[in-house]
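Chains, contacts and geometry: an overview
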Amino acid sequence: EAGVAQSPRYKIIEKRQSVAFWCNPISGHATLYWYQQILGQGPKLLIQFQNNGVVDDSQLPKDRFSAERLKGVDSTLKIQPAKLEDSAVYLCASSFGAAANTEAFFGQGTRLTVV
Amino acid sequence: AQSVAQPEDQVNVAEGNPLTVKCTYSVSGNPYLFWYVQYPNRGLQFLLKYITGDNLVKGSYGFEAEFNKSQTSFHLKKPSALVSDSALYFCAVRDRWEAAGNKLTFGGGTRVLVKP
């Protein structure tokens, strides 16, 4: 079974530039998550989709971050404009269902450096 | 609001010795609890979860964890550590209470270093 695919693996941009990350979840997984992991910290949920609808985006900085999941499969996360404090690893994860007892499966992440 | 605490930033253990990584949680209702491991430049890998039933949960790679409701803890254990167990370990919690929104909240992580 193929895992969660993310691209790119690494990205370096200057502050105030824009960047986009792509995620392809495990086939058949209805729930998709984007997490931000700052160095030395645990992952923080940015947004959670159930199919193509948003379940939770309470911690997404909506003035600069946006995400979409068209057709309920692939997802993109965008940052515009980027700030230095956005430097982090962005993890995408998916799970089969929305049930709270279901574990999430993670991609390798995209390491973003903002200079 | 739900939260997870991993009180130790790093745990050092000699190969062959028992390994314990501590985790305590806070939720409004009852918890679902998870452990993940992260190797360098890799995503998080699921190890095990507590849903209901037996308080001792067995998972991948010889790991197990014990749920203790009175102490609100879910410590990860391995009877005999291997050098290859050196990694970053994360505890996570979800609240069973539907109004909590099904959010999966992670602790800050514990780095495990197993020395030969």
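Here, the structure is the one placed above.
These lines cover the structure that appears in this document, whether it is placed above or below. Keep in mind the model is a prediction, meaning the values are calculated, not measured. (Residues numbered from 1 in each chain as written. Chains lettered and ligands numbered in written order. Predicted model: local features only at pLDDT ≥ 70, side-chain atom pairs only at ≥ 80, totals over all residues. Heavy atoms only, no water.)

1. Some words on the interface of chain A and chain B
With 27 residues of chain A in contact, the opposing surface of chain B contributes 21 residues. For the pairing of chain A and chain B, the buried interface totals around 1800 Å² over both sides, and the portion due to carbon and sulfur atoms is 47%. Together, A100, N101 and E103 of chain A form the three largest contributors to the area buried by chain A at its contact with chain B, with a combined 27%. At the boundary of chain A with chain B, the tally comes to two salt bridges. Salt-bridge contacts for D56 of chain A lead to K103 of chain B; the nearest nitrogen and oxygen are separated by 3.8 Å. The interface formed by chain A and chain B contains eight residue pairs in polar contact (both at pLDDT 80 or more). At the level of secondary structure, the elements contributing two or more residues to the side of chain A that touches chain B comprise β4 (31-37), β5 (44-50) and β6 (53-56) of chain A. Broken down by element, the residue count for the side of chain A that touches chain B peaks at three residues, all from β4 of chain A. For the side of chain A that touches chain B, the per-class residue count stands at 12 nonpolar, 11 polar and four charged. (Contact = heavy atoms within 4.5 Å. Buried area = accessible area lost by both parts, 1.4 Å probe. Salt bridge = Lys/Arg side-chain N within 4 Å of Asp/Glu carboxyl O. Polar contact = N/O pair within 3.5 Å; in protein donor to acceptor, adjacent residues only side chain to side chain. Helix = DSSP H or I, 4+ residues; strand = E, 2+ residues; numbered from the N terminus. Nonpolar A, V, L, I, M, F, W, Y, C, P; charged D, E, K, R; others polar.)

2. Re the sheet that holds strand β8 (residues 75-79) of chain A
Residues and elements named next belong to chain A. Strand order in this open sheet of four strands is β1-β3-β8-β7, and the pairing throughout is antiparallel. The open sheet has two edge strands with one neighbour each: β1 (5-7) and β7 (65-68). The average angle at which neighbouring strand axes cross in this sheet is 15 degrees, direction not considered. Here strand β3 (residues 19-24) runs beside β8; their pairing, made up of five bridges, is antiparallel. Along β8, the bridge assignment pairs F21 with L77. (Pairing = 2+ DSSP bridges. Axes fitted to C-alpha atoms, helices over the stretch in contact; angles between N-to-C directions.)

3. As for the nonpolar core
L19, W35, L47, L48, F74, L76 and Y89 of chain B are the most contacted members of the largest nonpolar core, which has 27 residues in total. Those elements that place two or more of their residues in this core are β2 (10-14), β3 (19-21), β5 (31-38), β6 (44-50), β8 (64-68), β9 (73-78), β10 (87-95) and β12 (110-115) of chain B. Broken down by element, the residue count for this core peaks at four residues, all from β10 of chain B. Ignoring anything within four residues of it in the chain, the contact list for F74 of chain B reads C23, L33, F34, W35, L48, K49, Y50, A65, E66 and F67 of chain B. Judged by nonpolar contacts, the second largest core, of 21 residues, contains F21, Y90, C92 and V114 of chain A. (Core = buried A, V, L, I, M, F, W, Y, C linked by side-chain atoms within 4.5 Å. Buried < 20%, exposed > 50% of the residue type's maximum accessible area, 1.4 Å probe, protein only.)

4. Observations regarding the state of the cysteines
Residue and element names in this part refer to chain A. As enumerated under the stated definition, the model contains two disulfides over all chains in all. Note on cysteine connectivity: C23 is disulfide-linked to C92, with sulfurs 1.9 Å apart. Its S-S torsion of about -70 degrees marks the bond between C23 and C92 as left-handed, since a negative value means left-handed. In this pair, C23 is assigned in strand β3 and C92 in strand β9 (residues 88-95), connecting sequence segments 69 residues apart. (Disulfide = S-S within 2.5 Å.)

5. A short note on the side chain of Q38 of chain B
Within the secondary structure layout, Q38 of chain B lies in strand β5. Of note is the side chain of Q38 of chain B, whose polar atom sits 3.1 Å from the side chain of Q37 of chain A. Sequence-distant contacts of Q38 of chain B, defined by excluding residues within four places in its chain, comprise Q37 of chain A together with G43, L44, A87, L88 and F90 of chain B.

6. Some words on unusual backbone geometry
Following S7 of chain A, the chain continues to P8 of chain A via a peptide bond in cis, the omega torsion being -5 degrees. Mapped onto the elements, P8 of chain A comes out in the loop between β1 and β2 (10-13). For K71 of chain A, which is not glycine, the phi dihedral falls at a positive 65 degrees. For K71 of chain A, the location among the structural elements is in the loop between β7 and β8. By relative accessible area, which is 80% here, K71 of chain A ends up exposed. Unusually for a residue other than glycine, T72 of chain B sits at a positive phi of about 45 degrees.

None of this, on its own, says anything about what the molecule does.
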